[in-house]
Amino acid sequence: MTAKEIRQAYLKFFESKQHHIVPSAPIVVKNDPTLMFTNAGMNQFKDLFLGEAPIKYPRVTDTQRCLRVSGKHNDLEEVGIDTYHHTMFEMLGNWSFGDYFKKEAIAWSWELLTEVYKIPKDKLYVSIFEGDEKEGLPRDTEAYELWKQFVPEEKIILGNKKDNFWEMGDTGPCGPCSEIHVDCRSEEERKAVSGKDLVNADHPQVIEIWNNVFMQFNRLKDGSLQPLPAQHVDTGMGFERLVRVLQEKSSNYDTDVFQPMIQFIAKHAGVVYGADEKTDIAMRVMADHIRAISFVIADGQLPSNNKAGYVIRRILRRAVRYAYTFLNLKEPFLNQLVPVLAEQFKGVFDELALQQDFVQKVVLEEEVSFLRTLATGIQRFENYTKKQGELLMSENAIELEKSFDDNWVYSILKDQMVISGEFAFELNDTYGFPIDLTELMAREQRWTVDMVEYNKALLMQKERSRAATAVDTGDWIMVNAELETDFVGYDDFEIETQIIKYRKV
Ligand code: ATP
Ligand code: MG
Ligand code: MG
Ligand code: MG
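1. Regarding the nonpolar core
Right, so step 1: By size, the foremost hydrophobic cluster in this structure holds 126 residues, and its most contacted members are Leu113, Tyr117, Trp147 and Met237.
Right, so step 2: With 13 residues, helix 9 (residues 277-298) is the single largest residue contributor to this core.
Right, so step 3: Counting residues domain by domain, this core receives three or more from each of domain 1 (3-246) and domain 2 (258-505).
Right, so step 4: For Met237, the contacting residues outside a window of four places in its chain are Tyr10, Glu90, Met91, Leu92, Leu112, Leu113, Tyr117, Ile209, Trp210 and Leu242.
Right, so step 5: The next biggest cluster of nonpolar side chains, apart from the first, holds 17 residues, and it includes Ala40, Leu48, Val60 and Phe97.

2. What about helix 15 (residues 406-413)?
Right, so step 1: Where helix 15 is concerned, the buried positions are Val409, Ile412 and Leu413. The buried residues of helix 15 occupy an angular sector of 85 degrees when projected down its axis, which confines them to one face.
Right, so step 2: Lining the buried residues of helix 15 we find helix 13 (356-395) and helix 14 (397-400).

3. What to know about helix 10 (residues 307-326)
Right, so step 1: Along its 20 residues, helix 10 runs 29 Å from first to last C-alpha, staying within 8% of the 28 Å computed at 1.5 Å per residue.
Right, so step 2: Counting buried positions along helix 10 yields 15 of 20 residues, so the element is predominantly enclosed.
Right, so step 3: Looking one or two residues beyond helix 10, the residue adopting positive phi is Asn328, at roughly 60 degrees.

4. Brief notes about the coordination of the magnesium ion (ligand 4)
Right, so step 1: In this structure, Glu179 (OE) and Glu208 (OE) serve as the protein donors to the magnesium ion (ligand 4), at separations of 2.2 to 2.6 Å.
Right, so step 2: A spacing of 3.3 Å is found between the magnesium ion (ligand 4) and the magnesium ion (ligand 3), which share Glu208 as a donor. One end of the pair, Glu179, is in strand 9 (residues 172-183); the other, Glu208, is in strand 10 (residues 206-219), with 29 residues separating them in the sequence.
Right, so step 3: Glu179 sits in the buried class, given a relative accessible area of 8%.
Right, so step 4: The class of Glu208 is partly exposed, set by a relative accessible area of 25%.

5. Comments concerning the pattern of salt bridges
For side chains bearing opposite charge, pairing can occur when the charged atoms are close.
Right, so step 1: One pass over the structure, following the stated rule, counts 27 salt bridges.
Right, so step 2: A salt bridge links Asp99 to Arg59, with the nearest nitrogen and oxygen atoms 2.3 Å apart. With Asp99 in the loop between strand 5 (88-97) and helix 3 (102-116) and Arg59 in strand 2 (residues 59-67), the pair connects residues that are 40 residues apart, well separated along the chain.
Right, so step 3: For Arg59, a relative accessible area of 19% puts it in the buried group.
Right, so step 4: The partner of Arg321 in a salt bridge is Glu444, with the nearest N and O atoms 2.8 Å apart. Of this pair, Arg321 sits in helix 10 while Glu444 is found in helix 17 (residues 435-444), placing the two residues 123 residues apart along the sequence.
Right, so step 5: Linked through salt bridges whose partners overlap, the residues forming this network are Glu135, Lys161, Glu167 and Arg219.

6. Quick look at the domain arrangement of the protein
Right, so step 1: Taken domain by domain, the protein consists of domain 1 (3-246) and domain 2 (258-505).
Right, so step 2: Summarising the inter-unit geometry, the C-alpha centres of domain 1 and domain 2 are found 31 Å apart.
Right, so step 3: Each partner contributes to the interface: domain 1 provides 27 residues, whereas domain 2 provides 32 residues.
Right, so step 4: Sorting the residues of domain 1 by area buried against domain 2 places Lys30, Arg65 and Met88 first, and these three jointly supply 23% of that buried surface.

7. Topic: the pairing of strand 10
Look at any regular strand and the pattern is simple: side chains alternate between the two faces of the sheet.
Right, so step 1: Summarising burial for strand 10: 11 of the 14 residues are buried, a large majority.
Right, so step 2: Where strand 9 and strand 10 come together, 10 bridges link them in antiparallel fashion. Looking across to strand 10, one finds that Val182 is bridged to Ile207.
Right, so step 3: Inspection of the sheet shows strand 10 paired to strand 11 (residues 225-238) by nine bridges, in the antiparallel sense. Following the sheet pairing, Trp210 is matched in strand 11 by Met237.
Right, so step 4: Hairpin connection of strand 10 to strand 11: five residues between the antiparallel strands, including Gly223 at a positive phi of 90 degrees.

About the thresholds
- Residues numbered from 1 in each chain as written.
- Chains lettered and ligands numbered in written order.
- Predicted model: local features only at pLDDT ≥ 70, side-chain atom pairs only at ≥ 80, totals over all residues.
- Heavy atoms only, no water.
- Core = buried A, V, L, I, M, F, W, Y, C linked by side-chain atoms within 4.5 Å.
- Buried < 20%, exposed > 50% of the residue type's maximum accessible area, 1.4 Å probe, protein only.
- Helix = DSSP H or I, 4+ residues; strand = E, 2+ residues; numbered from the N terminus.
- Domains from an automatic or database assignment.
- Contact = heavy atoms within 4.5 Å.
- Arc of directions from axis to C-beta.
- Expected span 1.5 Å × (residues − 1).
- Donors = N, O, S within 2.8 Å, 3.2 Å for Na, K, Ca; no water.
- Salt bridge = Lys/Arg side-chain N within 4 Å of Asp/Glu carboxyl O.
- Buried area = accessible area lost by both parts, 1.4 Å probe.
- Pairing = 2+ DSSP bridges.

Below, the structure written as structure tokens:
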């Protein structure tokens, strides 16, 4: 099955179970002080779960574009390094608002995975909430009994509150969840492990694909639990992970979700994907990041120097640096991926194709501006670690003479291999290096950054500029603040007017 067919099969399956197909909400969240970006399918239904909005359809299904780069869910450091965490990803979901509950949700997820998608049953295992006596939370024996009809008991794993209990906050709706994992190890490897070893022990070929949340309690201010008058189901399945399983690949990036972009990058950079781990990671990062960048811009948030705008600028700069350093791409290139992506999402998320030219121009502008200072910043960074490294070697010469083994040298020097906060601040202030980029570059050479000192320098600068201007330091303001909820796209504007319009004076 192609990715498009897989997505369609999900929606059709739940439509056949009387679910109403709804569109994805934008990835940029407006008017919610607790959330900058949509990070789960359920976000757009928050008010329904809280009983604050009328329920139009008791059963709903969709594919939601999500972003997990800030706040409670931040997967950025994993992206490109592992093969199944993305910045932007699609979450397939089905919901029951006070309608069906565990029995149907569990039976349908099993039916879909094993009969429609035909995943071999012995590759699947599930987890249920084990309960938490201290917090007065009962074990989800109901889910356990339901799963027993489909899965052998040794493949029903007990999970703790962190992994298998969902709550919106300290009070409000909450409940146990049940995850479905796929073990993609070879049959031999699978047979060699049993019981506890089945648990997703960070094995790259054993991955969580689907989470079923059962909202059944309301937690009151005194901490006690009351049954909810209406029980809800909220599920989320990682689309790119599902595609990987069904296309029998060992990485999400080997599927037809990412390959068109990866091949486009490889061709342009004159490298072959799969030939070298470093260039592979760079291509994965670029293919991943351009999705996040493009959809955030298409959904109404320009790169800027604060809040959501800065999150997206950081991601963009991170991608540019990977391209520059590991693929030797010294000219703006990321923007050329926008049309490739837009083409791929036609008929799924048309928002991108509709604003393709504008999005591409914004990405190009950002690239041009960062590339102007990137080379000098990298050079400064290299000189710094080289000079400081030599200094440390000479200061520790006596200890180091005992052995010249790399590990020995590292064990002696590691606590001192710290980049000063002042220098990290200079990279940020003068060369536009977001601090997480500096940390990443440091980590690549096994250095760390003195964040305490960095934050001090940042604070001092803020105070200086506050005193100087008494206004916000950002040179952009958030588009959605301007356009509020009426934002319908950039089509009406020319980019030049946009930039003039939104650049602060
Ligand atoms: P993980 O433990 O792998 O980080 P999670 O438990 O944080 O996943 P959930 O919040 O349960 O994820 O989200 C539901 C589903 O969304 C997951 O089962 C997974 O398939 C998918 N998913 C979550 N985070 C990502 C991501 N960063 N990239 C791609 N898919 C993801
Ligand atoms: Mg996670
Ligand atoms: Mg998990
Ligand atoms: Mg989960």
